[in-house]
Amino acid sequence: MSASRQSGTTDELGPEEPEPGGAELLAALLDGMDAALCAFDADGVVTHWNREAERILGWTAAEAVGRHGFTGWAVRPADAGDVEERLLSAMDAPGRQVHEFALVTKDGGRVLVRMQSASVRGGDGKSSGVYCAFSEVHAQIDLERSIALSEALFETASWGVVLVDADLRPAVVNEHAARAFGVGRSAVLGRPLADLLGQGVEELESALTHVLAEGTPPAPAEMWVTVRAAAGGEDDAEARRCWRSGFLRLASPLAEEPVPLGVGWLFLDVTEAKQAEQEASQLRFRSQQLHRAARATAECEDPTEAATVQLDFALAGFADHALVDLVAGENPVRLVRTAATPVGPPGPCRPVATAGIPVRYPEGHPASQCVERVGSVRASAGAGASAERAREWAAARQWPEDSVHALCVVLRSRGRTLGVVTFLRGAGRGAFERSDAAYAESVASRVAVSLDLAQVLSP
């Protein structure tokens, strides 16, 4: 019942009349509160005491209501005067006051509480008492820490934090995550993830759906994604980012059964570290392949066989095809096919019987350019080329039709250009990079020595 009704005043509803169930409703509201609540009238007598207050201090409402202040039962005698003065001072103070002091439990223990007190005003505007809401200090501190943590995560965290709703749309995004997406914080909210990310968005959405259905996964996951805002006009390999992601299912604490509110997604960009790790692993593998090839070629009696064995080891994890063309004339450059891998499925490199007939390479062919420049030449049909265009591109250069990327490396030995070795990749591999060219040149130097020896020994 409101203070105005208790004091006998009237309002727009008319004269005071009994409110059916009003006392029961008030009791239910007070007992359902998460905070402990008590109230004092103008004389300092306890008028209300809810279940949370009983839980914290042990005193029941029947034992508490009607007592004068906390003196003699809920505070130590030495503290009673100060506590009562501070509580009742709220009657004449504007707004709320916050105090911390120790109360005594029914079993004689002490508990430190933080209490907010405020005046209860009657219909005439005069103070008719004080209400006090209190909780254990450690619980209040836990709440404040949680709030502070939440604010810090969404303002100053050094990793991305995104709250994704049940429809898999960002609901809250921190500054770090917005920078990672390449757009402003407000521009991210409510948009489908597919508008923000390209490659990898299906994997991310699948992970979020799994978390909503099954709960928080036990460990972080590393996901490669392409950010649409960062990918404009750039190479796909440079636009791809690796985000180490952790997921937390968020459930409402107010529901009887856990109701998913969404997913907390925390991520950290580890692209540079992953690329360095991949490059180190690749370098180790290639060094091992060169070592194995050296041991294998040492057992070959035929130098030409040693050259093809060297290429077989080099192709593993590097390319799909290899072609060896030797120089038959310099003005203009004429190249004769000496060894090649099968045109169809990948296979070992074998010598080719061509009766010394030059390959019909068109003018400006990458292999011819390689010989003329005495340096490596990279070529590609283009990342966005259709399958038909890629086949036409390969056929025009006398390469297997599944070729999409090419790397031509010159063969030199004893200061002479012997020819060129061409490595070819299909659509399932990326374009050749500078690190690939360095490896191919190491292989080519070994192949050139074997082919030079074969020419010296040939009758």
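Residues numbered from 1 in each chain as written. Predicted model: local features only at pLDDT ≥ 70, side-chain atom pairs only at ≥ 80, totals over all residues. Heavy atoms only, no water.

**Considerations on the pairing of strand S16 (residues 416–425)**
Piece 1. In terms of residue burial, S16 counts as a mostly covered element, since eight of its ten residues are buried.
Piece 2. Of the strand pairs in this sheet, strand S11 (residues 321–330) and S16 are connected by six bridges, and their pairing is antiparallel. Residue pairing in the sheet places His-321 in a bridge with Leu-424 of S16.
Piece 3. As paired elements, strand S15 (residues 405–413) and S16 share nine bridges and run antiparallel to each other. Residue pairing for S16: Ser-413 is matched across the bridge by Arg-416.
Piece 4. The turn linking S15 back onto S16 is made up of two residues, and Arg-414 within it adopts a positive phi angle of 50 degrees. (Buried < 20%, exposed > 50% of the residue type's maximum accessible area, 1.4 Å probe, protein only. Helix = DSSP H or I, 4+ residues; strand = E, 2+ residues; numbered from the N terminus. Pairing = 2+ DSSP bridges.)

**Quick word on the sheet that holds S11**
Piece 1. Taken together, the six strands give an open sheet; going across it, the order is S13-S12-S11-S16-S15-S14, and neighbouring strands pair in antiparallel fashion. The open sheet has two edge strands with one neighbour each: strand S13 (350–351) and strand S14 (377–380).
Piece 2. Two elements, S11 and strand S12 (residues 333–340), share seven bridges in a ladder whose sense is antiparallel. Note that in S12 the partner of Asp-325 across the bridge is Arg-337.
Piece 3. Together, S11, S12, S14, S15 and S16 form the strand contacts of helix H15 (residues 366–373), whose direction differs from that of S16 by roughly 145 degrees.
Piece 4. Each of S11, S14, S15 and S16 is contacted by helix H17 (residues 434–457), which is oriented at about 45 degrees to S15, the strand it contacts most. (Contact = heavy atoms within 4.5 Å. Axes fitted to C-alpha atoms, helices over the stretch in contact; angles between N-to-C directions.)

**A look at the sheet that holds strand S4 (residues 110–121)**
Strand pairing within a sheet occurs via backbone hydrogen bonds; the two strands may be parallel or antiparallel.
Piece 1. Pairing is antiparallel across the open sheet formed by five strands, whose spatial order is S2-S1-S5-S4-S3. Two strands close off the open sheet at either side, each with one partner strand: strand S2 (46–49) and strand S3 (97–104). The mean angle between the axes of side-by-side strands here comes to 30 degrees, regardless of whether they run parallel or antiparallel.
Piece 2. Here S4 runs beside strand S5 (residues 127–136); their pairing, made up of nine bridges, is antiparallel. Along S5, the bridge assignment pairs Met-115 with Phe-134.
Piece 3. Seen against the sheet, helix H5 (residues 77–88) touches strand S1 (36–41), S3, S4 and S5 and runs at an angle of roughly 150 degrees to S3.
Piece 4. Contacting S3, S4 and S5, helix H6 (residues 137–153) crosses the sheet at an angle of about 75 degrees to S5.

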